[in-house]
Amino acid sequence: MSHHIVQAENLAYTYPDGNKALKNISFLITHGESVAFVGANGAGKSTLLMHLNGHLLPGKGFLRIGDFPLTRETVQNIRRSVGMVFQESDDQLFMPTVYDDVAFGPLNMGLPADIVDGKVKSTLETVGALHLINRPSHRLSGGEKRSVAIATVLSMSPDILVMDEPTSNLDPKARRRLIELLKSFKHTKIIATHDLDMALDLCERTIIIREGEVAADGRSIDILNNKSLLSESNLEKPLRFQGCPVCGA
Amino acid sequence: MAGITIPAIYFPEIIISKIESSLQSLGYMDLLSYQDTALHKIDPRAKFITSLFFILTVVSFGKYEISMLMPFVFYPVFLLTAGNIPAGYILKKILYVSPFAFMIGVFNPFFDQNVILHLGNTGISGGWISFISIMLRFALTVSTALALIACTGFNNICFALNRLGAPKIFAVQLLFLYRYIFVMAEEAARMVRARNLRSFNGKGKGIKTYGPLLGNLLLRTINRAERIHLAMICRGFDGNIRIMNKYKFGLRELFFVSGWISLFLIFRFINISQLAGILVTGLFI
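Residues numbered from 1 in each chain as written. Chains lettered and ligands numbered in written order. Predicted model: local features only at pLDDT ≥ 70, side-chain atom pairs only at ≥ 80, totals over all residues. Heavy atoms only, no water.

### Here's the deal with the pairing of strand E6 (residues 82-85) of chain A
Residues and elements named next belong to chain A. The alternating pattern of E6 places Val82 and Met84 on one face and Gly83 and Val85 on the opposite face, and all of these are buried. Examined bridge by bridge, E6 and strand E7 (residues 160-164) share four bridges and lie parallel to one another. Within the sheet, the bridge partner assigned to Gly83 lies in E7 and is Leu161. (Buried < 20%, exposed > 50% of the residue type's maximum accessible area, 1.4 Å probe, protein only. Helix = DSSP H or I, 4+ residues; strand = E, 2+ residues; numbered from the N terminus. Pairing = 2+ DSSP bridges.)

Written as structure tokens, this is what we have:
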């Protein structure tokens, strides 16, 4: 299964209002890799994620996801292989109950009812949310919503998981549970985040985006320990790389 | 020192905005629909058809009818009891909307002064009878509609509508309305709270700030709608909402519908109240 790759070459995108969000982005993510995209606000992370699910098409350059170059014709195939988890779970959980939400994707893929039923149950079990199956989506807690949002994507068996700030608005315990859950997945993972400690936990590789360009691409442990590089990109070292607040060591 | 004025802050007032309290009330209705009684388990289509037939039958009577409407109270009472729904809550809701029905019927006693009924020495005019009839019908139909939602769930009623052949766009619109009314109302309540916290001495609370507030809410709604649409497209949305059918229209549903409908037909064509009256007076006279 070496074809679950994501490759960008000189990718550029300018919004209709003239804002050059992406200028020149190139990277190659291979099967099973976990990659964190980090960068300051407005650096272009969100625009890049919008390309990965085909919501935006490259203005210039080239993006290949799996076997398909991203074009208007291949967008449907790409959306099947890329599972996108949104930053705000309320946007992702649009059906009245958890069950309907998780079943939404598989039903649209044309799977028969009994298989959909099995998939809904097994994915909810994977994310530890089987007990929520008949609950209405709007009555879940933040952590529960995030787990279910991930299940809605997993039920479509994607090859690549793309997540936008998966740990935002979670309490520390829910955040830890989510990190452990994501660790157990074997998918190719692309995570855009400001939570650099999570990036360190989950991703062996980090790409820093600065003003629409790749400022650094390498091992997380090296990049996230490079103070001057992080500072130039309006970032800070992950908390665990910072000194003890009492003794400074 | 005489005449010490105590600043308003010494009189703390708990102000929950109207949006929040109506949201809580809607949330309560929503909670009631997640109970697990035998009535909740019946296919929504059966309950919907029965209730629709009930409402049509109730409104089909002549304008002076009162006695024949009485037996119909059985159905809403059944829904409330079997569905474990607090009657007080539903009664309160009926009271809230009653001014509408009241305004429709309140002039009848002035226009229609023909005496058509005598209670002892007092003559009662047709206007009063038709007014009571309107209020009675209003109470019966509204309580049934509310009880139906409380024992079925709004989303299940939308599914039922869809399966019974209502236009899909209609059912889907209602579904989304219900799903996001909580999110939007919470957002509006937060904005109002933020405004109140920065308004002093009545300044900043006037109609002037409502324009920008509503405009802002509209823009946020549009942004959210875009994000939701994107989330739907990412999961293969093609214009059709496919929903797994969790209910089965079986023998139980058939009994429910046919049983109640036959009862409504009996109530419609036989004056049960009168028969009961004759029976009771017959016993004593």
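### Description of the packing of aromatic side chains
Residues and elements named next belong to chain B. Counted by the stated rule, this structure contains 25 aromatic pairs over all chains. Ring geometry for Phe74 versus Phe267: centroids 6.3 Å apart, planes at 20°, classification stacked. Here the residue Phe74 occupies a position in helix H4 (residues 74-82), and Phe267 occupies one in helix H11 (residues 251-269), the gap between them amounting to 193 residues. Its relative accessible area of 53% is what places Phe74 among the exposed residues. A residue is classified by how much of its surface remains accessible, and Phe267, at 6% relative accessible area, is buried. Look at Tyr75 and Trp260: their rings are 4.9 Å apart centre to centre, the planes differ by 70°, and that puts the pair in the edge-to-face class. Linking Tyr75 in helix H4 with Trp260 in helix H11, this pair joins segments that are 185 residues apart in sequence. Here Trp260 falls in the buried class, since its relative accessible area comes to 12%. Members of the aromatic cluster, connected to one another through ring pairs, are Phe53, Phe54, Phe61, Phe72, Phe74, Tyr75, Phe78, Phe256, Trp260, Phe264 and Phe267. Between the NZ or CZ atom of Arg268 and the centre of the ring of Phe61, over which it lies, the distance is 4.3 Å. In this structure, Arg268 is placed above the aromatic ring of Phe269, and the distance from its NZ or CZ to the ring centre is 5.4 Å. (Phe/Tyr/Trp six-rings, centres within 6.5 Å; stacked < 30°, edge-to-face > 60°. Lys NZ or Arg CZ within 6 Å of the ring centre and 35° of its normal.)

### What about the interface of chain B and chain A?
Each side of the interface is counted separately: chain B has 30 residues, and chain A has 32 residues. Buried surface at the junction of chain B and chain A, both sides included, amounts to about 2,800 Å², of which 61% is carbon and sulfur. Looking at the side of chain B facing chain A, the largest losses of area belong to Arg179, Arg235 and Met244 of chain B, adding up to 32% of the total buried there. Seen at the junction of chain B and chain A, the total is seven salt bridges. The partner of Asp101 of chain A in a salt bridge is Arg235 of chain B, with the nearest N and O atoms 3.1 Å apart. Connecting chain B to chain A are 13 residue pairs in polar contact (both at pLDDT 80 or more). In terms of residue count, helix H10 (residues 207-234) of chain B provides more of the side of chain B that touches chain A than any other element does, eight residues in total. (Contact = heavy atoms within 4.5 Å. Buried area = accessible area lost by both parts, 1.4 Å probe. Salt bridge = Lys/Arg side-chain N within 4 Å of Asp/Glu carboxyl O. Polar contact = N/O pair within 3.5 Å; in protein donor to acceptor, adjacent residues only side chain to side chain.)

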